[in-house]
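Descriptive structure summary
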Amino acid sequence: MTDILYLRLGTPDGTPVEGLRVAADGSLRAAPRSAPLGAFAAEAAGCRLVALLPGAEALSTTARLPRMPAARLAQSLPYALEDQIAGELEAQHFALGKPLPRSAQHSLGAGLDVPVVVMRRERLAAWLERLRAAGLEPAALYLEDDCIAAKPGDLRVWLRGDEATLRMPGGEGLQARVEDLSTALDLLPAEPPRAALGLQIFGSAADRERHAATLQSVGEGFARLAWLDTQDSALPWLIGELPLARPVNLLQGEFAPRRTASVASRRWRLVAALVAALVLTHFADRTLEVRRVAAAEAALDRQLLQAVQASEPQVRSLADAQRLLGDGAARADRRASTADVFGALAALSAAAPGSGALHSLTLEPAPAGSDAGRRALRLEVSVGPAVDVLDASLRAAGWEVARESGDNGRGVLRLVRPMPGGAR
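The structure reproduced in this document is the subject of the present report.

Reading the values: the criteria
- Residues numbered from 1 in each chain as written.
- Predicted model: local features only at pLDDT ≥ 70, side-chain atom pairs only at ≥ 80, totals over all residues.
- Heavy atoms only, no water.
- Helix = DSSP H or I, 4+ residues; strand = E, 2+ residues; numbered from the N terminus.
- Buried < 20%, exposed > 50% of the residue type's maximum accessible area, 1.4 Å probe, protein only.
- Areas by Shrake-Rupley, 256 points an atom, 1.4 Å probe, with all protein chains shown as cover.
- Pairing = 2+ DSSP bridges.
- 1 Å grid on protein atoms, 1.4 Å probe; cavity = no way out; pocket = protein on both sides within 12 Å on 5 of 7 lines; lining within 4 Å.
- Points joined across faces, edges and corners; volume = space filled by probe spheres on them.
- Nonpolar A, V, L, I, M, F, W, Y, C, P; charged D, E, K, R; others polar.
- Axes fitted to C-alpha atoms, helices over the stretch in contact; angles between N-to-C directions.
- Contact = heavy atoms within 4.5 Å.
- Core = buried A, V, L, I, M, F, W, Y, C linked by side-chain atoms within 4.5 Å.
- Phe/Tyr/Trp six-rings, centres within 6.5 Å; stacked < 30°, edge-to-face > 60°.
- Lys NZ or Arg CZ within 6 Å of the ring centre and 35° of its normal.

Another aspect to go through is the overall build of the protein chain. Assigned secondary structure in the protein chain consists of 13 helices and 17 strands. In the protein chain, which comprises 424 residues, the proportion classed as buried is 41%. Surface exposure of the protein chain reaches about 22,000 Å², of which carbon and sulfur atoms provide 55%.

Encoded structure:
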């Protein structure tokens, strides 16, 4: 498998950019480093290149579109968003993401909610020209703000100097200056109320010290407040968030990644023919992708129900299993924790349907020395950045998480539900 080189771009001039190379198994080849763009050309050879643009470069939104073929969706999209766009529609580039799952849509009507990124063509062309002039050909181009995954039950805020990006529990995003955070929070939907939400703030220690008073004031009224230090570089954190966030790739249509033929591919025609056959097989298999995505959440539900029934035969439905694991539905904070664990598991399962990120889920007896009545949920997962995000999300929700190595290079997470009335 191929390594991935991530580049976090700043401004389209000569300022240094951040780069980080990640191995196919998710491990870091080295620490993040800052250098002129051209310094990464040699390192990019043989890697898949993914570049992150500042969020202010484009508009990230969601469009409600009727169900129709993809080609017609692309044609109707500009007119569905014309009220949100300043300037001529013809000057804009529209990049579509995958339709949101039915459970995440605002309505169960016939329409589709589709993530969309809108960017001026000339601006996107300038970024690509800068990369290609340095000998770099990106396979994907994302807005860095869209790499922040939504977390049910929590409002997430990323600080970058005097700027802040907010990610709401439902996935909506908002940009504001740190000094205007209190005003920005007033734009949040009334449901769920702020008192039922946690507040997660990501930033460096310097950001925290600089904005301590503002952050303290902003945190008032939330159910809980958590600070996560992004250390000297936010790039590793963004990379860990990316599989769950599933941002929209800007490289579509006329800006699709270039396919450059090498000398070897021209010489070895038999190899090229075999690759073509594999590509045809791949496209045939893509017809099943929608069904796989729809089945991912249902498969997770079945695994959970079977795991609980193995030790509690009287459980007959998923709702019964959820109440059993929650054990304290009368307490709002317990319900929030249970929702967090199911949301985190669903996000891990949906991060790459069919990839086997979640291999097994079983319910185990109480650990030795635990309070009576406690149960442990055992997850066997593929090791990678998504597991770190899952671990952090569960700990932030108040779950006790134990990590260990399993068979075949997999990891094992053991979750113990918080006791009613315990500290979160």
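Structure's up, so let's keep going.
On to the pairing of strand β11 (residues 173-177). Of the strand pairs in this sheet, strand β10 (residues 163-167) and β11 are connected by 5 bridges, and their pairing is antiparallel. By the bridge assignment for β11, Arg167 is matched with Gly173. Hairpin connection between β10 and β11: a loop of 5 residues separates the two successive antiparallel strands, and Gly171 in this loop has a positive phi of roughly 105°.

The phi dihedral of Gln231 falls on the positive side, at around 60°, and the residue is not glycine. Take Gln231: it is sitting in the loop between β13 (224-229) and α7 (235-245). Positive phi, normally seen in glycine, also occurs at Arg246, with a value near 50°. When you line up the elements, Arg246 lands in the loop between α7 and α8 (263-267).

The subject of this paragraph is the layout of surface pockets. Looking at the second largest pocket, its volume works out to about 490 Å³. Among the secondary structure elements, those contributing two or more residues to the lining of the second largest pocket are β12 (198-203), β13, α7 and α13 (385-396). Of the residues belonging to the lining of the second largest pocket, the class tally is 12 nonpolar, 8 polar and 4 charged.

Let's shift gears to the sheet that holds strand β3 (residues 33-35). Taken in spatial order, the 5 strands make up an open sheet running β3-β2-β1-β4-β8, and their pairing is mixed. For this open sheet the edge positions go to β3 and β8 (140-143), each flanked by a neighbour on one side alone. Averaged over all pairs of adjacent strands, the angle between their axes in this sheet comes to 25°, without regard to strand direction. Here strand β1 (residues 4-8) runs beside strand β4 (residues 48-53); their pairing, made up of 5 bridges, is parallel. Note that in β4 the partner of Tyr6 across the bridge is Val50. The sheet strands contacting helix α3 (residues 121-133) are β2 (17-22), β4 and β8, and the helix crosses β8 at an angle near 130°.

All right, on to the pairing of strand β9 (residues 154-160) then. Across the 7 residues of β9, 6 count as buried, placing the element largely inside the fold. Bridge count for β9 against β12 is 5 bridges, and the pairing is parallel. Counted as the bridge partner of Val157 is Ile201 from β12. Where β9 lies against β10, 5 bridges are found, and the strand directions are antiparallel. Of the residues in β10, the one forming a bridge with Arg160 is Glu163.

The topology assignment puts Glu43 in helix α1 (residues 41-44). For the pair Glu43 and Leu136, spaced 93 residues apart in sequence, the C-alpha to C-alpha distance is 9.9 Å. Non-local contacts of Glu43, meaning those with residues more than four positions away in its chain, are made with Leu5, Arg21 and Arg33.

All right, on to the nonpolar core then. For soluble globular proteins, nonpolar side chains are generally found buried alongside one another. Of all hydrophobic cores here, the largest spans 28 residues; its most connected members are Leu7, Leu9, Leu37, Leu53, Leu136, Leu141 and Leu250. Elements supplying a minimum of two residues to this core: β1, β4, β7 (112-120), α3 and β8. With 4 residues, the single largest contributor to this core is α3. Apart from the residues within four sequence positions on either side, Leu141 is in contact with Ala51, Leu53, Leu124, Leu128, Leu131, Val248, Asn249, Leu250 and Leu251. Counting residues in hydrophobic clusters, the runner-up holds 17 residues, among them Tyr6, Leu235, Trp237 and Leu242.

Once that is clear, we can look at the packing of aromatic side chains. Tallied over the full model, the rule gives 2 aromatic pairs. Between the aromatic rings of Phe202 and Trp237, the centroid separation amounts to 4.5 Å while the plane-to-plane angle is 25°, which identifies the pairing as stacked. With Phe202 in strand β12 and Trp237 in helix α7, this pair connects stretches of sequence that are 35 residues apart. The class for Trp237 is buried, based on a relative accessible area of 16%. By the ring-pair criterion, three or more aromatic residues cluster together here, those being Trp158, Phe202 and Trp237. Stacked on the ring of Trp158, the Lys or Arg Arg160 has its end atom at 4.3 Å from the ring centre.

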